[in-house]
Amino acid sequence: MNKSILYLFIATFLTGILLTTISPIYGLDTDDSSDIYFEQQNYLINLNKNNDSTISLFTTLKNNGKDARIFGYFTYYSNLPLKDVVLIINGEQADAKKLRVENSILTYEGLWEPLPSGQTLNIFLTHSVDFNPKGILFKEIEIIPGKFYFKDFSNISIKFATIAIQTPNKITYSNYPKFEINSADEYSVIWQDDGSNRQYIVEYSAIPFFKNHIVQGYFIFWVFLFLVAVGVFYMYEKKVRQKDFVGVDPFIEKSAAKKKKKNKPSK
């Protein structure tokens, strides 16, 4: 056998053994996180009249894999600035030294205890927010639920999630009715969230108005007022025209009498 071919065969054989040996190491780096998922996420927005509204989020992260997992830290991204943050992990207040809040981003670096197989990590987060609803007679607010991102675990699936919005006045409009699972009263609406960064819109008003899912209440209200105004103006104009038609000018009446007298046959 040619020495060159022999050396090439040996080198190929040794390379194959080496790759087989180190493949488990690569497997650790590409950990399958499908066994890590959120059992639930409940998102509540409580809108108050005095702009001291609160947002609360309760979520349960489960390790359904065979081994314990270490998450290290997580980052929470909100679409609104975070203020007066309270973070509770498994029933205990989070270490303030490991908590960092910058505008609408929260980072907590205190999750270095391994989470055993079959166990859950419960996170409760609440914060206040200044909201500036649009409108005058009808107020409208747009909300996109915040998102969690954990170290070394991306695209964690959510098994069940809800978003609820409570308003200071009766709700007149809410979008995406097909995701609505319950409306407890006229001041709140609850959806089952699909986790796709969906935007939720809720309109509310102190004016008594029916709740709908077709078009915003302010549009129906102002169109109705416009039609009423047009109707009133039309009736007024019609009444004025009828009055002018029925009434007879005294000068015309006197001229008509003279003409009648002149044309009267003499006896």
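Summarised in this report is the structure supplied together with it. These figures come from a predicted structure and were not determined experimentally.

### Quick look at the packing of aromatic side chains
This structure, assessed with the given rule, holds twelve aromatic pairs. Joined through ring pairs, the aromatic side chains of Phe38, Phe71, Phe74, Tyr76, Tyr108, Phe148, Phe150 and Phe153 make up one cluster. When the ring centre of Tyr37 is taken as reference, the NZ or CZ atom of Lys159 above it lies at 4.8 Å.

### Structural notes on the sheet that holds strand E9 (residues 138-143)
Within the open sheet, the three strands sit side by side as E9-E16-E13. Their pairing is antiparallel. The outermost strands of the open sheet, each flanked by one partner alone, are E9 and strand E13 (170-174). Recorded for the sheet is a direction-independent mean angle of 30° between the axes of neighbouring strands. Judged from the four bridges that link them, E13 and strand E16 (residues 200-205) form a sheet pairing that is antiparallel.

### Focus on the pairing of strand E4 (residues 83-89)
Note: E4 against strand E8 (residues 120-129), five bridges, orientation antiparallel. Paired with Ile88 across the bridge in E8 is Phe124.

### Quick notes on the nonpolar core
Core analysis: the biggest nonpolar cluster contains 39 residues, and Phe74, Tyr76, Ile89, Phe150 and Ile165 have the highest contact counts within it. What Phe74 contacts, discounting residues up to four positions off in sequence, is Leu87, Ile89, Leu106, Thr107, Tyr108, Leu111, Ile123, Phe148, Tyr149 and Phe150.

### Remarks on the layout of surface pockets
Approximately 280 Å³ is the volume found for the largest pocket. Elements represented by at least two residues in the lining of the largest pocket include exactly strand E5 (92-93) and strand E7 (105-111). Per element, the largest residue contribution to the lining of the largest pocket is three residues, and it comes from E7. By residue class, the composition of the lining of the largest pocket is nine nonpolar, three polar and four charged. By volume, the second largest pocket is sized at about 220 Å³. Lys147, Phe148, Tyr149, Asn155 and Ile156 are the residues nearest the centre of the second largest pocket, which is lined by 14 residues in total. For the lining of the second largest pocket, the elements supplying multiple residues, two or more each, are strand E1 (36-46), strand E10 (147-150) and strand E11 (157-158). For the lining of the second largest pocket, the element with the highest residue contribution is E10, accounting for four residues. The residue inventory of the lining of the second largest pocket, partitioned by class, reads seven nonpolar, six polar and one charged.

About the thresholds
Residues numbered from 1 in each chain as written. Predicted model: local features only at pLDDT ≥ 70, side-chain atom pairs only at ≥ 80, totals over all residues. Heavy atoms only, no water. Phe/Tyr/Trp six-rings, centres within 6.5 Å; stacked < 30°, edge-to-face > 60°. Lys NZ or Arg CZ within 6 Å of the ring centre and 35° of its normal. Pairing = 2+ DSSP bridges. Helix = DSSP H or I, 4+ residues; strand = E, 2+ residues; numbered from the N terminus. Axes fitted to C-alpha atoms, helices over the stretch in contact; angles between N-to-C directions. Core = buried A, V, L, I, M, F, W, Y, C linked by side-chain atoms within 4.5 Å. Buried < 20%, exposed > 50% of the residue type's maximum accessible area, 1.4 Å probe, protein only. Contact = heavy atoms within 4.5 Å. 1 Å grid on protein atoms, 1.4 Å probe; cavity = no way out; pocket = protein on both sides within 12 Å on 5 of 7 lines; lining within 4 Å. Points joined across faces, edges and corners; volume = space filled by probe spheres on them. Nonpolar A, V, L, I, M, F, W, Y, C, P; charged D, E, K, R; others polar.

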